[in-house]
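Residue-level structural notes
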Amino acid sequence: MAEKVQTRLLILSDTHGEDFSSEDRPRQRVDVALHCGDLTDVSKLDEFQTSIEMLKKIDAPLKLVIAGNHDFTMDITAFEAKLAEPSQPLEPEIVAREYGTLGQARQLFDDAKSEGIVLLDEGTHHFVLENGAMLKVFASPYTPALGAWGFQYHPNNGRRFHIEEDTDIVMTHGPPKGIMDITYGRERAGCPDLFTAVARARPRVHCFGHIHEGWGAKVVTWKDSGIDQPSHFTSIDNENSTIVERLATLRASTFDSDETTLEKRAKLEKLKHNKCAATSHRNKDDYQLDAGKETLFVNASIMGHEDFTQRPWLVDLELAKYTE
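Analysis parameters
- Residue positions are counted from 1 within each chain, in the order its sequence is given.
- Given that this is a predicted model, residues contribute local features only at a pLDDT of at least 70 and side-chain atom pairs are listed and counted only at 80 or more, while totals for whole chains, interfaces and linings are drawn from all residues.
- The basis for every side-chain value is the complete set of non-hydrogen atoms in the structure, without hydrogens or water.
- The way it works is that DSSP assigns letters per residue, a run of H or I at least four long becomes a helix, a run of E at least two long becomes a strand, and they are numbered from the N terminus.
- Only C-alpha atoms enter the radius of gyration, while the globule expectation follows 2.2 Å times N to the 0.38, with N the number of residues.
- For the exposure calls, accessible area comes from a 1.4 Å probe over protein chains only, and a residue counts as buried if that area is under 20% of its type's maximum, exposed if over 50%, partly exposed in between.
- Areas reported as accessible are Shrake-Rupley estimates using a 1.4 Å probe. Residue values count occlusion only from the protein chains shown.
- When charges are tallied, Lys and Arg are placed among the positive residues and Asp and Glu among the negative ones, while His and the ends of the chain are skipped.
- A charge is said to be at NZ when it belongs to Lys, at CZ for Arg, at CG for Asp and at CD for Glu.
- In this text, buried Ala, Val, Leu, Ile, Met, Phe, Trp, Tyr and Cys residues form a nonpolar core when linked through side-chain atoms within 4.5 Å.
- Here, residues are in contact when the closest pair of their heavy atoms is within 4.5 Å.
- Grid points spaced at 1 Å over the protein atoms alone were grouped into cavities, where a 1.4 Å probe fits but cannot get out, and pockets, open sets with protein on both sides within 12 Å along at least five of seven lines, with lining residues defined by an atom within 4 Å of a point.
- Grid points are joined across faces, edges and corners, and a volume is the space filled by probe spheres set on the points.
- Gly is placed with the polar residues, together with every amino acid not listed as nonpolar (Ala, Val, Leu, Ile, Met, Phe, Trp, Tyr, Cys and Pro) or charged (Asp, Glu, Lys and Arg).
- Multiplying 1.5 Å by the residue count of a helix minus one yields the expected span of that helix.
- A pair of aromatic rings is counted whenever rings of Phe, Tyr or Trp (Trp by its six-membered ring) have centres within 6.5 Å, and the orientation is called stacked for planes under 30 degrees apart, edge-to-face for over 60 and tilted otherwise.
- A positively charged side chain is recorded as over a ring if its NZ (Lys) or CZ (Arg) lies within 6 Å of the ring centre. The angle to the ring normal must also be within 35 degrees.
- Two strands pair if DSSP finds at least two bridges between them.
- Only the stretch in contact is used when fitting a helix axis, every axis being a line fitted to C-alpha atoms; angles between N-to-C directions are given from 0 to 180 degrees.

Some points on the overall build of the protein chain
Counting its regular elements, the protein chain contains six helices and 15 strands. Since a compact globule built from 324 residues should have a radius of gyration of about 20 Å, the 20 Å found for the protein chain is in line with a globular shape. Projected onto its principal axes, the C-alpha coordinates of the protein chain cover approximately 60 × 55 × 40 Å. For the protein chain, the residues scored as buried account for 48% of the 324 residues in total. Total accessible area computed for the protein chain in this model is approximately 16,300 Å², and 47% of it derives from carbon and sulfur atoms. Between the centroid of the 37 positive side chains of the protein chain and the centroid of its 53 negative side chains there is a distance of 4 Å.

Comments concerning the nonpolar core
Counting 36 residues, the largest nonpolar core has Ile-11 and Leu-64 as its most contacted members. With four residues, the top contributor of residues to this core is strand E15 (residues 313–320). Not counting chain neighbours up to four residues away, the residues in contact with Leu-64 comprise Val-32, Ala-33, Leu-34, His-35, Val-118, Leu-120, Phe-127, Leu-135, Val-137 and Met-171. Of all hydrophobic cores here, the second largest spans 26 residues; its members include Ile-58, Ala-105, Leu-108 and Ile-302.

Observations concerning empty space enclosed by the protein
Within this structure, the stated rule accounts for one cavity of 30 Å³ or more. Of the pockets and cavities examined, the largest cavity occupies roughly 40 Å³. Split by residue class, the lining of the largest cavity holds eight nonpolar, four polar and no charged.

Observations concerning helix H1 (residues 45–57)
Across its 13 residues, H1 extends 19 Å between first and last C-alpha, which sits within 8% of the 18 Å expected from 1.5 Å per residue. Those residues of H1 lying buried are Leu-45, Glu-47, Phe-48, Ser-51, Ile-52, Met-54 and Leu-55. Those residues of H1 hidden inside the fold are in contact with strand E1 (4–12), strand E2 (32–35), strand E3 (62–65), helix H3 (92–98), helix H4 (104–110) and strand E4 (117–119).

So, the packing of aromatic side chains
Under the counting rule described, the total for this entry stands at nine aromatic pairs. With 5.9 Å between their ring centres and 70 degrees between their planes, Phe-72 and Trp-149 make a pair best called edge-to-face. Separated by 77 residues along the polypeptide, Phe-72 in the loop between E3 and helix H2 (76–83) and Trp-149 in the loop between strand E7 (143–144) and strand E8 (152–153) bring together distant segments of the chain. The exposure class of Trp-149 is partly exposed, given its relative accessible area of 32%. Through a chain of ring-to-ring contacts, three or more aromatic side chains come together here, namely Phe-72, Phe-79, Tyr-99 and Trp-149. Taking NZ or CZ as reference, Lys-82 lies 4.8 Å from the ring centre of Trp-149, over its face. Its end group placed over the ring of Tyr-142, Arg-159 keeps NZ or CZ at 3.7 Å from the ring centre.

Notes on unusual backbone geometry
We note that Arg-202 has phi near 50 degrees; this positive angle belongs to a residue other than glycine. Not every positive phi belongs to a glycine, and Lys-275 is a case in point at roughly 70 degrees.

Examining the sheet that holds E15
As summarised here, the arrangement of the six strands in space is E4-E3-E2-E1-E15-E13, forming an open sheet in which the pairing is mixed. Of all strands in the sheet, those bounded by a partner on one side alone are E4 and strand E13 (277–278). Taken together, the eight bridges between E1 and E15 define a ladder with antiparallel strand orientation. Across the sheet, Gln-6 pairs through a bridge with Glu-318, a residue of E15.

Some details on the sheet that holds strand E14 (residues 294–299)
Across the sheet, which stays open at both edges, the seven strands sit in the order E5-E6-E9-E10-E14-E11-E12 with mixed pairing between neighbours. Only two strands of the sheet have a single neighbouring strand rather than two, namely strand E5 (123–128) and strand E12 (242–246). The sheet shows a mean angle of 20 degrees between the axes of neighbouring strands, taken without regard to direction. With three bridges connecting them, strand E9 (residues 169–172) and strand E10 (residues 205–208) associate as parallel partners. When the bridges of E10 are listed, Val-170 appears paired with His-206.

Here's the deal with the pairing of E15
Note that E13 and E15 share two bridges and pair parallel. Of the residues in E15, the one forming a bridge with Ala-278 is Leu-314.

Right under this line is the structure:
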């Protein structure tokens, strides 16, 4: 049996150009930090620079980043389309000052590689971590939408996500359909094609953001394979799946009992103190995901409701040790 290495991840998403204050930033050292997109709000250069400075302050030797739909200047086709939208063309010097020239936002991340920051394009990426572990990541910034933002495709056209079976982490901007993707309008905004790909590959972790109100984590136990058209109705063993945390278990409600109110306050105080949420599901410190049978899904959206500061997620994972 291959030797395993305990690896700690810090997962966040949807910071939208905001920096963590010193009071909110997690203090733990981690092996890998993952930012799942929407680094900016309107894709301005100063927002990218703020995000890069924030990533530099995270205590991790490797910081993996993908773009989101708000980071449209990284999507050259989308950027050019936006420049062509106004009835009167924008002044090139104004665009260059605020948004940069084509490719300039990406160059900011290329220049930050010495700080351990790596911007991932769609596809599979391999890393040997500082702790000696091997990490295989599938990344994709694409989300289904009808709008004219970045890295988007028409829902009717769908998209193929080529996720290999032995992938450790799937890192996307948007959620798969059926998992932490319910909007305030009570609609599921996740991608069914992404769910199909993840259900077939069964990675250890799938992290994302995009749907801010879906913040939380869930351990999904998969049903036996062989389902022709995987979906959240047919592929999940709900009786043996576990919700780690979600906003509904934290946010106060008029229907809460006194006991529930106190429990929620205690959880919020713990989050405030720890600066992050952790996957201490099933109350076992030594619990490890059953590879091929379970996947930990994490919606790590930071930008959320005004009455609650959503926190990054701290995840412990066993990875195979690198051998030459």
